[in-house]
Amino acid sequence: HFPKDGPVIVACNHIGVVDGPLLHGCIPRGSHIFVKKEFFTSKLGFLMDWAGQIPVDRENGRASLLTAKDLLDEGRVVGIFPEGTRGKGRAESVHAGVAWLAVNSGAPIVYAASLGTRPEGASVGYVPAPRSKLHMVFSPPHILPDIPRGRAGITEAMEVIGEGLRAHVDYAVELTGIQLPGDEGTR
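These numbers were taken from a predicted model, which means no experiment stands behind them.

### Let's talk about the packing of aromatic side chains
Right, so step 1: Per the stated rule, a full pass over the model turns up one aromatic pair.
Right, so step 2: With a centroid separation of 5.6 Å and an interplanar angle of 75 degrees, the aromatic rings of Phe2 and Phe138 are classed as edge-to-face. One end of the pair, Phe2, is in the segment before strand 1 (8-12); the other, Phe138, is in strand 6 (residues 135-138), and 136 residues separate them in sequence.
Right, so step 3: Since its relative accessible area comes to 17%, Phe138 is described here as buried.

### A short note on the nonpolar core
Right, so step 1: Of all hydrophobic cores here, the largest spans 37 residues; its most connected members are Ile9, Phe34, Val78, Leu101, Ile109, Leu144 and Ile161.
Right, so step 2: Taken together, the elements giving at least two residues each to this core come down to strand 1, strand 3 (54-56), helix 3 (62-73), strand 4 (77-80), helix 4 (96-105), strand 5 (109-115) and helix 5 (151-176).
Right, so step 3: Examining the composition of this core, we find that seven residues originate from one element, helix 5, more than from any other.
Right, so step 4: When near neighbours in sequence (up to four residues on either side) are disregarded, Leu101 contacts Ile9, Phe34, Leu65, Ala68, Lys69, Leu72, Val78 and Gly106.

### A few points about the packing of helix 4 against helix 5
Right, so step 1: Closest axis-to-axis distance for the helix 4/helix 5 pair is 8 Å, and the angle between their directions is 110 degrees. Overall, the two elements helix 4 and helix 5 adopt an arrangement that is roughly perpendicular. Here helix 4 contributes Ala96, Val98, Ala99, Trp100, Ala102, Val103 and Asn104 to the contact with helix 5, which in turn contributes Gly153, Ile154, Ala157, Met158 and Ile161.
Right, so step 2: Here the residues of the contact of helix 4 with helix 5 are counted per class, giving ten nonpolar, two polar and no charged.

Rules used in this analysis
- Residues numbered from 1 in each chain as written.
- Predicted model: local features only at pLDDT ≥ 70, side-chain atom pairs only at ≥ 80, totals over all residues.
- Heavy atoms only, no water.
- Phe/Tyr/Trp six-rings, centres within 6.5 Å; stacked < 30°, edge-to-face > 60°.
- Helix = DSSP H or I, 4+ residues; strand = E, 2+ residues; numbered from the N terminus.
- Buried < 20%, exposed > 50% of the residue type's maximum accessible area, 1.4 Å probe, protein only.
- Core = buried A, V, L, I, M, F, W, Y, C linked by side-chain atoms within 4.5 Å.
- Contact = heavy atoms within 4.5 Å.
- Axes fitted to C-alpha atoms, helices over the stretch in contact; angles between N-to-C directions.
- Parallel < 35°, antiparallel > 145°, perpendicular 65-115°, else oblique.
- Nonpolar A, V, L, I, M, F, W, Y, C, P; charged D, E, K, R; others polar.

This is the structure we're talking about:
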């Protein structure tokens, strides 16, 4: 149910180092994923430029948000990890960037759940072995309700997007049987 054309924001949970490449590879259209700017100066940084990814300064992400908004205005796909960093993947906190993009672009949001990229007990830098069982589960597109622009609207959008992403991650865990790190034995 991924839109074949038009702007799309993909909001994905974030549990492991390979979530970004997995998301980029699974989206059935060309995409531009937010990637921390430090990765662009690493040994693999040239791949980020080549693949059209968006460098984000996690201290001040305004420039990356404006780049993403321009891409959405062109009808492109932008992927973002609303949690801002790798963690348990439950989307317990959602940063304002995804809400700002949704409110200011009007683009539909597709929630994505990345599962299997980090097993119980592994560090957030864990790289799965070849042929590991990885899952990327997409939701149908969601349009935000009529939310006003401004600070109050961004706060409301953060809540709506957070609830939607958490519900989608729960659905994906139930669908696949793959638990989030730290959830083994709790579901």
